[in-house]
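# Working through the structure, step by step
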Amino acid sequence: MTKQKGFTTTLLHADRLRKPEFGALHQPIHTTVTWGFDDVQGLVDVFQNKAKGYAYSRQGNPTTAALESKVTMMEGGLASVSFATGMAAIMATVFALVKQGSHIVASSYLFGNTRSVLQTFTEIGLDISFVDATSVDEVKAACKDNTCMIMVETIANPATQIADLVNIGELCAEKGYIYVVDNTMTSPYIFQPITVKASLVINSLTKYIGGHGNALGGSVTDTGLYDWANYPGIAPIIREQIKPDMQGITQIRKRGLRDGGGTLAPEAAHSLSIGAETLALRLERVCGNAGELAEYLESHPLVDKVYYPGLKGHPQHELSKKLFRFHGGLMSFALKDGVDTFAFLNRLQVVIKSSNLGDTRTLAIPVAQTIFFELGADKRAEMGIPEGMIRLSVGIEDREDLLEDFKQALDAAL
């Protein structure tokens, strides 16, 4: 295929264009841990980055490489590294690139586990400031002489705040900061962070890209926009061996994946890769369902507030319209005082009480008592999470069935 193709066409044919053996349409699952070489010099050259190849599966194999290629295509980037989970990708990025004495500015609204791991980094000496990332002025005010990285999400989980992505990107470009954007809640079909000058893009492949709740995975994509030649945190040995544009992603692979050990299994990589083929189809259905469900919930007398960027009353509704293809499949809502949240959830029959996101099925969870419980009430309040919040990851069910399920569960409380 010589002409540029569309999003789904490109994904569908990505594997076969790598020419797997016997004409396979999907990249085979390579379960081997290691590779043998007829000439030891070949092994040495792979270790010393003088030749492409595989030496030990902890830092990649052909199955994970094929998935990484697909993620890179979707994000319009330079190169990607895959990990066992999205959290492993986040941990490895900070671990590999941020040095002692450096400072990070991070969104206050980061996913609870992301915030938790950054808090752990502060406990071992890393300087991190958490700010309201919906305002570039708040981000700018937190920057210091030793700031090296700014980390945000596109749409925050669970209260759906949208970071000031464009202006933060301009700030990072001006100051030379590494701009890390977690694209999990939008996915590269809805939004490509390269368009706002992101340096690195994080995806939890477990969520919308894999899409079926059957495999864990994560990735980091280098957009090619950051000038690693001027970044002081690159190791001398990588400076010597790797051309400048690949130094950042190579250090993440070597120091973050190889040394950190958060390797994606080939079986999971295969499932995620196949799941990605239907990303666009699934998200068009998901976002259509989410928009109608959000409007229904907002109109119901027992619902106090709905958090969804597609609603006109959302603080960043216009920004969402400007930046994103759709408003996403994540939403949250709070019931009015006196309505038993747990009883309501237990009345849902189609919707599953579960903690995942981006599945084909609609999932619901009480936020304060589960995924954000460890942060405590004060941190939850800072992140805009009320104690009675319910988070929804909207699926691809028939819309009438989904709406009827919420109707019967709410009406029983009237």
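Provided above is the structure to which this section pertains.
Presented here is a report on the structure given in the accompanying data block. Sequence order as written defines the numbering, with residues in each chain counted from 1. Thresholds applied to this predicted model are a pLDDT of at least 70 for local features of residues and 80 or more for the giving and counting of side-chain atom pairs; totals over whole chains, interfaces and linings are not thresholded and use all residues. Note: side-chain values were computed over all heavy atoms of the structure, leaving out hydrogens and water.

## Let's talk about the overall build of the protein chain
Note the cut-off: Per the convention used, a helix needs a DSSP run of H or I reaching at least four residues, while a strand needs a run of E reaching at least two, with both numbered from the N terminus. Relative accessible area decides the class of each residue, using a 1.4 Å probe on protein chains only: under 20% of the type maximum gives buried, over 50% gives exposed, and in between gives partly exposed. The contact criterion used throughout is that any non-hydrogen atoms of two residues lie within 4.5 Å. The Shrake-Rupley method, run with a 1.4 Å probe, gives the accessible areas here. Residue values count only the displayed protein chains as cover. His is not counted here, nor are the chain ends, while Lys and Arg score as positive and Asp and Glu score as negative. Here the site of a charge means NZ on Lys, CZ on Arg, CG on Asp, or CD on Glu.
When its secondary structure is counted, the protein chain shows 16 helices and 12 strands. With the C-alpha coordinates of the protein chain rotated into their principal frame, the extents come out at 75 × 55 × 40 Å. Going through the 414 residues of the protein chain one by one, you find that 55% of them count as buried. Within the protein chain, counting contacts between residues at least 6 apart in sequence, those at least 24 apart form 70% of the total. Summing over all exposed atoms, the protein chain offers an accessible surface of approximately 17,700 Å²; the carbon and sulfur share of this is 51%. Each charge class in the protein chain was averaged separately, 38 positive and 45 negative side chains, and the resulting centres sit 5 Å apart.

## Quick look at the packing of aromatic side chains
To be explicit about the condition: Stacked, tilted and edge-to-face are the three classes assigned to paired rings of Phe, Tyr and Trp, where Trp is represented by its six-membered ring and a pair needs centres within 6.5 Å; plane angles under 30 degrees give stacked, over 60 edge-to-face, the rest tilted. Each ring is checked for a lysine NZ or an arginine CZ that lies within 6 Å of its centre and within 35 degrees of its normal; such an atom marks a charge sitting over the ring.
A complete count under the given rule lists 11 aromatic pairs for this structure. Arranged with centres 6.3 Å apart and planes meeting at 40 degrees, the rings of Phe344 and Phe406 form a pair that is tilted. Residue Phe344 is located in helix α14 (residues 341-347), and its partner Phe406 is located in helix α16 (residues 399-411); the two are separated by 62 residues in the primary sequence. A single burial state applies to Phe344 and to Phe406, both of which are buried. Taken together, the aromatic side chains of Phe7, Tyr189 and Phe326 make up a single cluster linked through ring pairs. One Lys or Arg, Arg115, reaches over the ring of Phe130 and ends 4.2 Å from the middle of that ring. Taking the ring centre of Tyr189 as reference, the NZ or CZ of Arg325 above it sits at 4.0 Å.

## Overview of helix α3 (residues 62-75)
We apply this condition: For a helix, the expected span equals 1.5 Å multiplied by the residue count minus one. Here a polar contact means two N or O atoms within 3.5 Å. Within protein one must be a hydrogen donor candidate and the other an acceptor candidate, and residues neighboring in sequence count only if both atoms are side-chain atoms.
Along its 14 residues, α3 runs 20 Å from first to last C-alpha, staying within 8% of the 20 Å computed at 1.5 Å per residue. Counting buried residues along α3, 12 of its 14 residues qualify, which places the element largely inside the surrounding structure. Residues Pro62, Thr63, Thr64, Ala65, Ala66, Leu67, Glu68, Lys70, Val71, Thr72, Met74 and Glu75 constitute the buried set of α3. Capping the start of α3 is the job of one residue whose side-chain oxygen sits 2.8 Å from the backbone nitrogen of Thr63: Asn61.

## Quick notes on the environment of Thr134
Tracing the sequence through the fold places Thr134 in the loop between β3 (127-131) and α6 (136-142). Look at Thr134 and you get partly exposed, because its relative accessible area is 23%. Here the alpha-carbon distance between Thr134 and Tyr109, two residues 25 residues apart in the chain, equals 9.3 Å. Setting aside anything within four residues of it in sequence, one finds Thr134 in contact with Tyr109, Gln161, Ile162, Ala163, Asp164 and Gln316. Within the structure, Thr134 has its side chain in polar contact with the side chain of Asp132 (distance 2.5 Å).

## Concerning the state of the cysteines
Think of a disulfide as a covalent bridge from one cysteine sulfur atom to another cysteine sulfur atom. Stated precisely, the cut-off is as follows: Cysteine sulfur atoms that pair up within 2.5 Å are treated as a disulfide.
Counting across every chain of the model gives 0 disulfides. The thiol of Cys148 is unpaired, and the distance to the nearest cysteine sulfur, on Cys172, comes to 11 Å. A relative accessible area of 8% places Cys148 in the buried class. Here Cys172 is not cross-linked by a disulfide; its sulfur's nearest cysteine counterpart is in Cys143, at 7.3 Å.

## Focus: the packing of helix α4 (residues 86-97) against helix α5 (residues 112-123)
Note the following rule: Lines fitted to the C-alpha atoms define the axes, with helices restricted to the stretch that makes contact. Angles between their N-to-C directions range from 0 to 180 degrees. Any angle between 65 and 115 degrees counts as roughly perpendicular, while under 35 counts as roughly parallel, over 145 as roughly antiparallel, and the rest as oblique. The handedness criterion is simple: a crossing whose near helix is rotated anticlockwise from the far helix by less than a right angle is left-handed, and one whose near helix is rotated clockwise is right-handed. Under the grouping applied here, Gly and all other residues not named as nonpolar or charged are polar, the nonpolar ones being Ala, Val, Leu, Ile, Met, Phe, Trp, Tyr, Cys and Pro and the charged ones Asp, Glu, Lys and Arg.
At a minimum axis separation of 10 Å, α4 and α5 run at an interaxial angle of 30 degrees. Between α4 and α5, the crossing angle belongs to the class labelled roughly parallel. Handedness of the crossing formed by α4 with α5: right-handed. Taken together, the residues of α5 that come into contact with α4 (itself represented by Met87, Ile90, Met91, Val94 and Phe95) are Asn113, Thr114, Val117, Leu118 and Phe121. In terms of residue class, the contact of α4 with α5 is made up of 8 nonpolar, 2 polar and no charged.

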